[in-house]
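# Observations on chain architecture
Residues per chain, in single letters:
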Amino acid sequence: MKSIWSETAQIPKYPFLSGKCFTKTAIIGGGITGILISYFLNEAGEENVILEANEIASGQTKNTTAKVTSQHGLIYSKLLVQVGKEKTSQYAKANQNAVLEYEKLIQTKGLSCDWKRIPSYLYSCRDVALLKKEEQAAKEVGLKVSFTTNTKLPFPVRSALKQENQAQFHPLKFLIGLLNEMTIYEHTKVEKIENTKNGLYLLYTSKGIVTAKRVIFASHYPFINVPGYYFIRMHQERSYCIAFRNAQILDGMYFGIDPDGLSFRNTEEYLILGGGSHRTGESRKGKQYERLKKAAAEFYPKAKEQTAWSAQDCMPLDNIPYIGRFSKTKPNWYVATGFQKWGMTSSMVAAQLICDLIIGKKNEYETLFSPQRVPTLFSVPQILDEGKHAFKGLARRLFLFPKQQIEQIPVGQGKVIEYRGEKLGVYKEKDGTIHAVSVKCPHLGCELNWNPEELSWDCPCHGSRFTFDGHLIDGPAQSNLKKKKSLKK
Ligand code: FES
């Protein structure tokens, strides 16, 4: 399904890379992070190319809610405990500065992208204590927030934390204005990277080879497992949005902190309602869109659905994105990932930090975001949780065989069945056509789960996703699922 951004903006098309290309910096990923990095490198006179596996902004950039803010859920009360006041203040400053940098860029380039300064709110219908704690923490690190119970939401809240002067925009209109003068190759998936003897890198794509001095991974989830080991440091989560016409225009961007909390933001014309976040691969019951529709029907009876879409976010172990050098053993590789639900703001932080590292300019946030940081003791529960999911994903594939048979597969849904000693994911179309694929994730072998909402096979370990007939949607996996040609009863 198209997001409201894809419905209302047209991104230009670019050719694929054919043959050889030489550049200083190869940027893998043509989402907002890759494009901002390319922009700042161009400004600094550093040659670069963008290599995009699909089309520009076709990944998470088009699926965002496009809030630009330093208010990131209950982040400051968590970080204060986890990394102390100095680093928490840096986090606040980096993200607050990103809001200013967007504005500066938009004004300098005269970009017409519906940029609007607007307050941001966290709200709860149940809890006061959590937001009080967050208020204290945010104030302690220098943010201007205020506590209120008075909001324009269509239901009463117990508490809300308001932060003035944050921003929202149209992410695709913003990018369109930046694309001039960039070298971009679409449908150019990097499949392999090799070192050369003279310290350069060869990036192999389906029809070409790029030789570069540096490589930047700006592709959401890095697809290289070793070095870096990002697969043991992140999982992915999905969340859902619907844009409605004829709904009330609110005075700010709202984010619910309760487990079933909803998020609200407007464009000039639409209300975007979001929610239903869950770990990728763990949505067996689905019904996330239904919940959003029910809420809209209750709060805005005249609202009409315009479009619905979903997003996928990388969640780091310690609530801080990984931005900087990819690994100690690859000094000329850089990475920007783990943006949680705040990809627009983090993209700006990442683009400036990586650009500074490349041109040798000091950046005060280098240590905070360094992917080489050692996890604190507070990350231990998350580390154990990641281990538990990986174990479960592998164990289910190896030992537990379900007894479902082909005849029992409902039309329009997928099921895992046992077929001649093998586990297969089977999907039945209305006309009876059966699609059978291996449920072994090609990334690191966990068993995939069926996602009834989006008709996809999703991996609970690191979040790779595949269509019902096995085509790759999201990495870190790099290939499609193996197909079973025919199933004989
Ligand atoms: Fe890593 Fe599936 S995404 S095993």
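One structure accompanies this document, and this report is about it. (Residues numbered from 1 in each chain as written. Predicted model: local features only at pLDDT ≥ 70, side-chain atom pairs only at ≥ 80, totals over all residues. Heavy atoms only, no water.)

### Observations concerning the nonpolar core
Rules: Buried Ala, Val, Leu, Ile, Met, Phe, Trp, Tyr and Cys residues form a nonpolar core when they are joined through side-chain atoms within 4.5 Å. Exposed residues in this analysis have more than 50% of their type's maximum accessible area, buried residues have under 20%, and partly exposed residues fall in between, with area computed by a 1.4 Å probe over protein chains only. Strands are runs of DSSP state E lasting at least 2 residues, helices are runs of H or I lasting at least 4, and numbering of each runs from the N terminus. Contacts are assigned to residue pairs that have any heavy atoms within 4.5 Å of one another.
The biggest cluster of nonpolar side chains holds 75 residues, and the ones touching the most others in it are Leu-36, Tyr-102, Phe-169, Phe-174 and Phe-369. Considering every element that reaches this core, the biggest residue donor is helix 3 (residues 75-109), with 11 residues. Not counting residues within four places of it along the chain, the set of residues in contact with Phe-369 comprises Tyr-91, Ala-94, Ile-320, Pro-321, Tyr-322, Ile-323, Val-349 and Leu-353. Of all hydrophobic cores here, the second largest spans 27 residues; its members include Ile-193, Val-210, Tyr-221 and Ile-224.

### Let's talk about the sheet that holds strand 19 (residues 422-428)
The test is simple: For two strands to pair, DSSP has to find at least two bridges joining them.
One open sheet accounts for four strands, arranged 18-19-20-25; its pairing is antiparallel. Two strands close off the open sheet at either side, each with one partner strand: strand 18 (414-419) and strand 25 (483-484).

### Looking at helix 4 (residues 129-140)
Operational definition: To estimate the expected span of a helix, count its residues, drop one, and scale the result by 1.5 Å.
The terminal C-alpha atoms of helix 4 lie 17 Å apart, and with 12 residues this matches the ideal 16 Å at 1.5 Å per residue to within 8%. Of all the positions in helix 4, only Leu-131, Glu-134, Glu-135, Ala-137 and Ala-138 are classed as buried. Turning to helix 4, the residues buried within the fold contact helix 3, strand 4 (116-124), strand 5 (145-148) and strand 6 (159-168). After helix 4 finishes, the residue Gly-142 shows a positive phi value of roughly 90 degrees.

### Some remarks on the side chain of Gln-166
Mapped onto the fold, Gln-166 is located in strand 6. Exposure remark for Gln-166: the relative accessible area of 1% places this residue in the buried category. Gln-166 has contacts with Val-68, Thr-69, Ser-70, Gln-71, Gln-96, Val-99, Lys-116, Arg-117, Ile-118, Ser-120 and Met-253, leaving out every residue within four places of it along the chain.

### Some words on helix 2 (residues 32-43)
Counted at 1.5 Å a residue, the expected span for helix 2 with its 12 residues is 16 Å, and the 16 Å between its end C-alpha atoms agrees. Among the 12 residues in helix 2, 10 count as buried, and that is most of the element. Where helix 2 is concerned, the buried positions are Ile-32, Thr-33, Gly-34, Ile-35, Leu-36, Ile-37, Ser-38, Tyr-39, Phe-40 and Leu-41. Directly beyond the C-terminal end of helix 2, a positive phi value near 75 degrees is found at Gly-45.

### Overview of the pairing of strand 17 (residues 330-337)
With respect to burial, strand 17 is a largely interior element, six of its eight residues being buried. Judged from the three bridges that link them, strand 10 (residues 208-217) and strand 17 form a sheet pairing that is parallel. Note on strand 17: the bridge partner recorded for Val-215 is Trp-333. Judged from the five bridges that link them, strand 16 (residues 322-327) and strand 17 form a sheet pairing that is antiparallel. Considered in strand 17, the bridge of Arg-325 is made with Tyr-334.

### Overview of the packing of helix 3 against helix 7 (residues 343-359)
Note the cut-off: Axis definition: a line fitted to C-alpha atoms, limited for helices to the stretch in contact. Angles are taken between N-to-C directions and run from 0 to 180 degrees. Working rule for angles: under 35 degrees goes down as roughly parallel, over 145 as roughly antiparallel, 65 to 115 as roughly perpendicular, anything else as oblique. All amino acids are sorted into three groups, where Ala, Val, Leu, Ile, Met, Phe, Trp, Tyr, Cys and Pro are nonpolar, Asp, Glu, Lys and Arg are charged, and the leftover types, Gly among them, are polar.
For the pair helix 3 and helix 7, the least separation of the axes is 9 Å and the interaxial angle reads 85 degrees. With respect to each other, helix 3 and helix 7 are oriented roughly perpendicular. Every residue of helix 7 that contacts helix 3 at Ala-94, Asn-95, Asn-97, Ala-98, Glu-101, Tyr-102 and Leu-105 is listed here: Met-344, Thr-345, Ser-346, Ser-347, Met-348, Val-349 and Gln-352. For the contact of helix 3 with helix 7, a count of residues per class yields seven nonpolar, six polar and one charged.

### Section: the sheet that holds strand 24 (residues 472-474)
A sheet is described by the order of its strands in space; here four strands give the open sequence 21-22-23-24, paired in antiparallel fashion. At either margin of the open sheet sits one strand with a lone partner, and together these are strand 21 (449-451) and strand 24. If you compare each strand with its neighbour and ignore which way they point, the axes differ by 35 degrees on average. Pairing analysis gives three bridges linking strand 21 to strand 22 (residues 456-458), with the strands arranged antiparallel. Looking across to strand 22, one finds that Trp-450 is bridged to Trp-457.

### With respect to the packing of aromatic side chains
Worth spelling out the cut-off: For this analysis, a ring pair means two rings from Phe, Tyr or Trp (six-membered ring only for Trp) whose centres lie within 6.5 Å, classed as stacked if their planes differ by under 30 degrees, edge-to-face if by over 60, and tilted for the remaining angles.
Evaluated as defined, the whole model comprises 27 aromatic pairs. Between the aromatic rings of Trp-115 and Phe-169, the centroid separation amounts to 6.1 Å while the plane-to-plane angle is 90 degrees, which identifies the pairing as edge-to-face. Taken together, the residues Trp-115 in the loop between helix 3 and strand 4 and Phe-169 in the loop between strand 6 and helix 5 (171-176) connect sequence positions 54 residues apart. Residue Phe-169 is classed as buried on the basis of its relative accessible area of 0%. Aromatic pair Tyr-240 and Tyr-289: ring centres 5.2 Å apart, planes at 85 degrees, arrangement edge-to-face.

### A closer look at the pairing of strand 13 (residues 263-266)
Here strand 13 shows no split at all, with Ser-263 and Arg-265 on one side and Phe-264 and Asn-266 on the other all buried. Of the pairings in the sheet, the one linking strand 12 (residues 253-256) to strand 13 comprises two bridges and is antiparallel in character. Across the sheet, residue Tyr-254 finds its bridge partner in strand 13, namely Phe-264. Between the end of strand 12 and the start of strand 13, which pair antiparallel, lie six residues. As paired strands, strand 13 and strand 14 (residues 271-279) are joined by four bridges and run antiparallel to one another. Directly across from Ser-263, in strand 14, lies its bridge partner Gly-274.

### Looking at the environment of Lys-483
Here is the rule we go by: Polar contacts, as used here, are pairs of N or O atoms within 3.5 Å; protein pairs need one atom able to donate a hydrogen and one able to accept it. Residues neighboring in sequence count only if both atoms are side-chain atoms.
Position of Lys-483 among the secondary structure elements: in strand 25. Remark: the alpha-carbon pair of Lys-483 and Lys-415, spanning 68 residues in sequence, is separated by 15 Å. Not counting chain neighbours up to four residues away, the residues in contact with Lys-483 comprise Ala-436, Val-437, Asp-469 and His-471. There is a polar contact of 3.3 Å between the side chain of Lys-483 and the backbone oxygen of Asp-469.

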